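Okay, here's what each chain looks like letter by letter:
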Amino acid sequence: MTEKEFIPTSYTAMENEGVVTYSSPSNIALIKYWGKLEHQIPANPSISFTLNECSTTTSVQYKKLETPGKEFSFELLFEGRSKEDFKPKINTFLQRVEKYLPFLKDYHFVINTSNTFPHSSGIASSASGMSALALCFMEIERSFLKEMPPEYFNKKVSFLSRLGSGSACRSNQGPIMQWGESTAIEDSSNLYGVVYPYLIHENFKNYQDTILLVDKGEKQVSSTVGHELMHDHPYAKSRFEQAHSNLKRLKDIFASGDLDAFITIVESEALTLHAMMMTSNPYFILMKPNTLEIINRIWKFRSQSKTHVCFTLDAGANVHVLYPENEKETVFTFIKEGLAPFCQSGQYICDQVGQGAKKL
Ligand code: PMV
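Residues numbered from 1 in each chain as written. Predicted model: local features only at pLDDT ≥ 70, side-chain atom pairs only at ≥ 80, totals over all residues. Heavy atoms only, no water.

Enquirer: Explain the pairing of strand β5 (residues 73-78) to me, please; I cannot follow it from the model alone.
Expert: Pairing of β5 with strand β7 (residues 107-115) involves six bridges; the strand directions are parallel. Along β7, the bridge assignment pairs Leu77 with Asn112. Both β5 and strand β6 (residues 81-82) contribute to a ladder of two bridges, which runs antiparallel. Considered in β6, the bridge of Leu77 is made with Ser82. Linking β5 back to β6 in an antiparallel pair, the connection comprises two residues, with Glu79 at a positive phi of about 50°. (Pairing = 2+ DSSP bridges. Helix = DSSP H or I, 4+ residues; strand = E, 2+ residues; numbered from the N terminus.)

Dropping the structure here:
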């Protein structure tokens, strides 16, 4: 599909008012998106587990204006309270998607949003937040049309989410989402994420993700700045090639259920992401001493216990501990006793792979 196909030609019936609510989850990348071109076009393909518990719930109330405004008309509430400092980000999102949702200036919107995970936990809410918001606007658009094929709905949700925050395009569906053109995935696109279309071995069913909150502070480097640092990066070219080849390898691993090979790719991707930041100009170290302590303890425990626990990282100090469902008891005991002491205030969040957004 091309961008043009996301521009609607006309609406059949525009409701005067209404309200829609969606909950959309976060996702954790196994192959990382890091580096982009204009309009959030990814420099390499990525793939992620959709999460189940960490999510954003957003409701959008809409009311037709007597005369369409020159600017967007909206109020923004976070957990029921007005949140002025979130408004510029939403305004930018509305500007980027207006071409594809031409009704936006005809209405006044009240956007009310909340997260299931604690505010300032260091967990980015942009993926779940932008996805939930895109879903609400798409539900409104769908009500203006006689019919919209579900496949188109999902693609356009992902397309719009991407314009809010790249990784958000991998949140609306599950259990595994892929984004970015790759010769390994038929129908893959730079414009939106697709549900991973091939065989997934039982071993990956209900895969567990315990998120260790190592550092709950503000991100040291915003992802916008981080992506930009890949432009003149000395290792960018080989990094992008590596992501393509890792995706191909992961496809065989998903089919065969080879957990050792899975671990090798996932941990290497996490460390490569951080290596890119350590070798950019300017350079950053986003891991904290406890991030490293946790990684070392995971490696030691894995070799002693013969389990398949591994880690991945976002662009921050928190650690996502990944493990198969049938090893949950052993690994979770280890997390509580051996890893939680290295988390800020002993905090962690239990999550697992999920199926995507829900209409409420
Ligand atoms: O969606 P953004 O622009 O915040 O970028 C997120 C990038 C990573 O989380 C580090 C990796 C990924 O693929 O999700």
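Enquirer: I would appreciate a short explanation of the domain arrangement of the chain in the present structure.
Expert: How big an interface is tends to be stated in terms of the accessible area lost upon association of its parts. One can read the domain layout of the chain as domain 1 (3-198) and domain 2 (203-352). Look at where the C-alpha atoms of domain 1 and domain 2 centre, and you get two points 26 Å apart. Taken together, the two surfaces of domain 1 and domain 2 that pack against each other cover about 3200 Å², and 71% of this comes from carbon and sulfur. Here domain 1 is connected to domain 2 by zero salt bridges. Connecting domain 1 to domain 2 are 11 residue pairs in polar contact (both at pLDDT 80 or more). Looking at the side of domain 1 that touches domain 2, the elements with two or more residues in it are β1 (17-31), β4 (46-64) and β8 (176-179). The leading source of residues in the side of domain 1 that touches domain 2 is β4, at seven residues. Here the side of domain 1 that touches domain 2 is built from residues that sort into 21 nonpolar, 10 polar and four charged. (Domains from an automatic or database assignment. Buried area = accessible area lost by both parts, 1.4 Å probe. Salt bridge = Lys/Arg side-chain N within 4 Å of Asp/Glu carboxyl O. Polar contact = N/O pair within 3.5 Å; in protein donor to acceptor, adjacent residues only side chain to side chain. Nonpolar A, V, L, I, M, F, W, Y, C, P; charged D, E, K, R; others polar.)

Enquirer: For this particular structure, what's the right way to read the packing of helix α5 (residues 236-256) against helix α6 (residues 259-278)?
Expert: Each pair of packed helices can be described by the angle between their axes along with the distance between the axes. Direction vectors running N to C along α5 and α6 enclose 160°, while the axes themselves pass 10 Å from each other. By the criterion of interaxial angle, the relationship of α5 to α6 is roughly antiparallel. Here the hand of the crossing between α5 and α6 comes out left-handed. Residues Arg239, Gln242, Ala243, Asn246, Arg249, Leu250, Ile253 and Phe254 of α5 form the contact with α6, whose own contacting residues are Ala261, Phe262, Ile265, Ser268, Glu269, Thr272 and Met276. A per-class count over the contact of α5 with α6 returns eight nonpolar, four polar and three charged. (Axes fitted to C-alpha atoms, helices over the stretch in contact; angles between N-to-C directions. Parallel < 35°, antiparallel > 145°, perpendicular 65-115°, else oblique. Left-handed = near helix turned anticlockwise from the far one by under 90°. Contact = heavy atoms within 4.5 Å.)

Enquirer: So what exactly am I meant to see when it comes to the nonpolar core here?
Expert: Across soluble globular proteins, nonpolar side chains have a tendency to be buried as a group. Counting residues in hydrophobic clusters, the biggest one holds 41 residues, and the most contacted among them are Val60, Phe103, Leu104, Phe109, Phe137 and Ile140. Of all the elements in the fold, those that place two or more residues in this core are β1, β4, β5, α1 (87-97), β7, α2 (126-143) and α3 (150-164). If one sorts the elements of this core by residue count, α2 sits on top with nine residues. Filtering out sequence-adjacent residues up to four positions away, Phe109 remains in contact with Val60, Gln61, Tyr62, Ser73, Phe74, Glu75, Phe103, Leu104, Phe137 and Ile140. Residues Phe117, Ile123, Leu250 and Val353 belong to the second largest nonpolar core, which totals 31 residues. (Core = buried A, V, L, I, M, F, W, Y, C linked by side-chain atoms within 4.5 Å. Buried < 20%, exposed > 50% of the residue type's maximum accessible area, 1.4 Å probe, protein only.)

Enquirer: Would you explain the pattern of salt bridges in this entry?
Expert: Close approach of charged atoms allows side chains with opposite charge to pair. All chains considered together, the criterion is met by 10 salt bridges. A salt bridge links Glu293 to Arg297; its shortest N-O distance comes to 2.9 Å. Separated by four residues within a single helix, Glu293 and Arg297 lie in helix α7 (residues 289-305), roughly one turn from each other. Look at the salt bridges and you will find they share partners, linking Glu139, Arg142 and Lys359 into a network.

Enquirer: Help me understand helix α8 (residues 328-339) in this model?
Expert: Each α-helix turn comprises 3.6 residues. Residues three or four places apart therefore point the same way. Within the span of α8, buried status applies to Val331, Phe334, Ile335, Gly338 and Leu339. Along α8, the residues classed as buried sweep out an arc of 105° about the axis, all on the same side. Across α8 from its buried face, at more than 90 degrees, point the exposed residues Glu329 and Glu337. Check the buried side of α8 and you find it contacts β10 (208-212), α7 and β12 (319-323). (Arc of directions from axis to C-beta.)

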